[in-house]
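Per-entry structural report
Listed here are the chains, written in short residue letters.
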Amino acid sequence: FRPIQDLIEAATQEGIQVGKLEMSTIKPGAFTQRLARERDHYLAFSRAFLCERALEGDLIYYGRTGHLLLPGVDHLMRVRVVLDLEHRIQDLMDKMGLEREKALRYIQEVDEDRARWVRSMYGIAVEEPINYDITVNLQKISAGNAAAALVAAAQLPDFQMTPASEKALRDLHLGARARLALARDTRTHSAALTVRADDGIVTVGYRPQDSGIADEIPRVLDPLDGIRDLRITMATANMLWIQERFSPASPDFEKVVQIATKWNAA
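Notes on the structure in this doc start here. Each chain has its residues counted from 1, running along the sequence as written. Per-residue local features of the predicted model are confined to residues with pLDDT of at least 70, and side-chain atom pairs are confined, for both listing and counting, to 80 or more; whole-chain, interface and lining totals are unaffected and use all residues. Computation of side-chain values: all heavy atoms of the structure, hydrogens and water removed.

Turning our attention to the overall build of the protein chain. For the protein chain, the count of helices and strands is nine helices and seven strands. Over its C-alpha atoms, taken along the principal directions, the protein chain stretches across nearly 60 × 50 × 35 Å. Think of it in three bands: residues with accessible area under 20% of the maximum for their type are buried, residues over 50% are exposed, and the middle band is partly exposed, with areas taken using a 1.4 Å probe on protein chains only. For the protein chain, the proportion of its 266 residues judged to be buried stands at 34%. Sequence separation of 24 or more characterises 66% of the internal contacts of the protein chain that already satisfy a separation of 6 or more. Averaging the locations of the 34 positively and 38 negatively charged side chains of the protein chain gives two centres separated by 4 Å. A helix here means a DSSP run of H or I that spans at least four residues, while a strand means a run of E at least two residues long, and both kinds are numbered starting from the N terminus. Note on contacts: a residue pair qualifies if any of its non-hydrogen atoms lie within 4.5 Å across the two residues. Note on charges: Lys and Arg go in the positive column, Asp and Glu in the negative column, and His and the chain ends are not counted at all. By convention, the point assigned to a charge is CZ for Arg, NZ for Lys, CD for Glu and CG for Asp.

Turning next to the packing of helix α3 (residues 33-56) against helix α5 (residues 100-122). Axis definition: a line fitted to C-alpha atoms, over the contacting stretch in the case of helices. Angles run 0 to 180 degrees between N-to-C directions. Contact geometry for α3 and α5: axes closest at 10 Å, N-to-C directions at 90°. Classified by the angle their axes make, α3 and α5 are roughly perpendicular. Across the interface between the two elements, Arg39, Tyr42 and Leu43 from α3 touch Trp117, Ser120, Met121 and Tyr122 from α5. Each residue belonging to the contact of α3 with α5 can be placed in one class, and the counts come to five nonpolar, one polar and one charged. Orientation categories follow fixed angle ranges, with anything under 35 degrees roughly parallel, anything over 145 roughly antiparallel, 65 to 115 roughly perpendicular, and all other angles oblique. Each residue is assigned to one class: nonpolar for Ala, Val, Leu, Ile, Met, Phe, Trp, Tyr, Cys and Pro, charged for Asp, Glu, Lys and Arg, and polar for all the others, Gly among them.

What follows deals with a nonpolar patch on the surface. There is a patch of nonpolar side chains on the surface, built from Phe1, Ile60 and Tyr62 and spanning about 410 Å² of accessible area. Of note, Phe1 is situated in the segment before β1 (2-3). Surface patches are drawn from residues lacking salt bridges whose relative accessible area is over 30%; two like charges belong together within 9 Å, two nonpolar side chains (Val, Leu, Ile, Met, Phe, Trp, Tyr) within 5 Å. With residues, only the protein chains shown are counted as cover, and all accessible areas are computed by Shrake-Rupley using a 1.4 Å probe. Each salt bridge in this description consists of a side-chain nitrogen of Lys or Arg and a carboxyl oxygen of Asp or Glu lying within 4 Å of one another.

What follows covers the side chain of His41. Among the secondary structure elements, His41 is positioned in helix α3. There is a polar contact of 3.1 Å between the side chain of His41 and the side chain of Glu14. Once you skip the residues sitting within four places of it in the chain, His41 turns out to touch Glu14, Ile16, Leu180, Ala183 and Arg184. N or O atoms within 3.5 Å of each other form a polar contact, as long as, within protein, one can give a hydrogen and the other can take it, and as long as residues adjacent in sequence are counted only when both atoms are side-chain atoms.

Let's shift gears to unusual backbone geometry. Although it is not a glycine, Asp199 sits at a positive phi angle of roughly 55°. Mapped onto the elements, Asp199 comes out in the loop between β5 (193-198) and β6 (201-206).

As enumerated under the stated definition, the model contains 20 salt bridges in all. As a salt-bridge pair, Asp113 and Arg116 come within 3.1 Å of each other at their nearest N and O atoms. With Asp113 and Arg116 both in helix α5 and three residues apart, this pair spans about one turn of that helix. Residue Arg231 is joined to Asp229 by a salt bridge in which the shortest nitrogen-to-oxygen separation is 3.2 Å. On the basis of relative accessibility, which here comes to 43%, the residue Arg231 falls in the partly exposed class.

Note that β6 and strand β7 (residues 229-234) share six bridges and pair parallel. Counted as the bridge partner of Ile201 is Asp229 from β7. Think of it like this: strands point away, you trace from the first strand over the helix to the second, and a clockwise trace means the crossover is right-handed. Following the chain from β6 across helix α8 (residues 216-221) to the adjacent parallel β7, one finds a crossover that is right-handed. Strand pairing is defined by DSSP finding a minimum of two bridges between the two strands.

Time to look at the packing of aromatic side chains. Whether two aromatic rings pair depends on their centres lying within 6.5 Å, for rings of Phe, Tyr and Trp, where Trp uses its six-membered ring; planes under 30 degrees apart make the pair stacked, over 60 edge-to-face, and the rest tilted. One pass over the structure, following the stated rule, counts two aromatic pairs. Aromatic side chains Tyr42 and Trp117 sit 5.6 Å apart centroid to centroid with 85° between the ring planes, which places their arrangement in the edge-to-face category. With a gap of 75 residues between them, Tyr42 in helix α3 and Trp117 in helix α5 connect regions that are remote in the sequence. For the pair shown, Tyr42 and Trp117 are each scored as buried.

Taken by themselves, the reported measurements are silent on function.
This is how it looks when you write it as structure tokens:
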């Protein structure tokens, strides 16, 4: 069993400014390019952290939609636990001695912060049912009975590791380790990089403005175990801009040109 506190503590020891990342999701406009790099570092560290422990054996992880760190791992059972608002308010009033109005406000703020965090980290809405396999409503079932039902569900063939899901987990682990090594190294930590792994083949993509560090990537990743082949490519993009009236002097057009230049877009 791994609660999110274990992950946050390990990430903080890694030197990741988790607190600043959390604040950036609350304050509009606070998400700077530097924090974007910090987010990439955090996501790579978190994915490596969970993959490593999942490969060691059975794992239960609780907190902040951690299952989104393991896309493509089919034997993962994604569970959402919900409780009606009145029970949440009463529970908070009992535990923290708050008045009803303050307890309600506290719950609303926590829910909003959690939704912002998930949207900022993963680009999805936390409440989307498609992101979960099972939703447990504790209004009519006790926590003990819900746990027993989940244990039984976890024994189903659908949630057993297969060769394909194990490969997906190992690919994620290697890709995360590679991205983490690039985030840790002073030669490459400031670049916006994309990393993916497939059966020992690691592909690293970099933006045109980061071409100066392309030669450093193999040097950084050379000590990493598990890489059979390394492929390094410059990211490109196609852009389609539709506007009612063409005006090359307009600020919007200037921004589009800047973005296209940045990403070497056609």
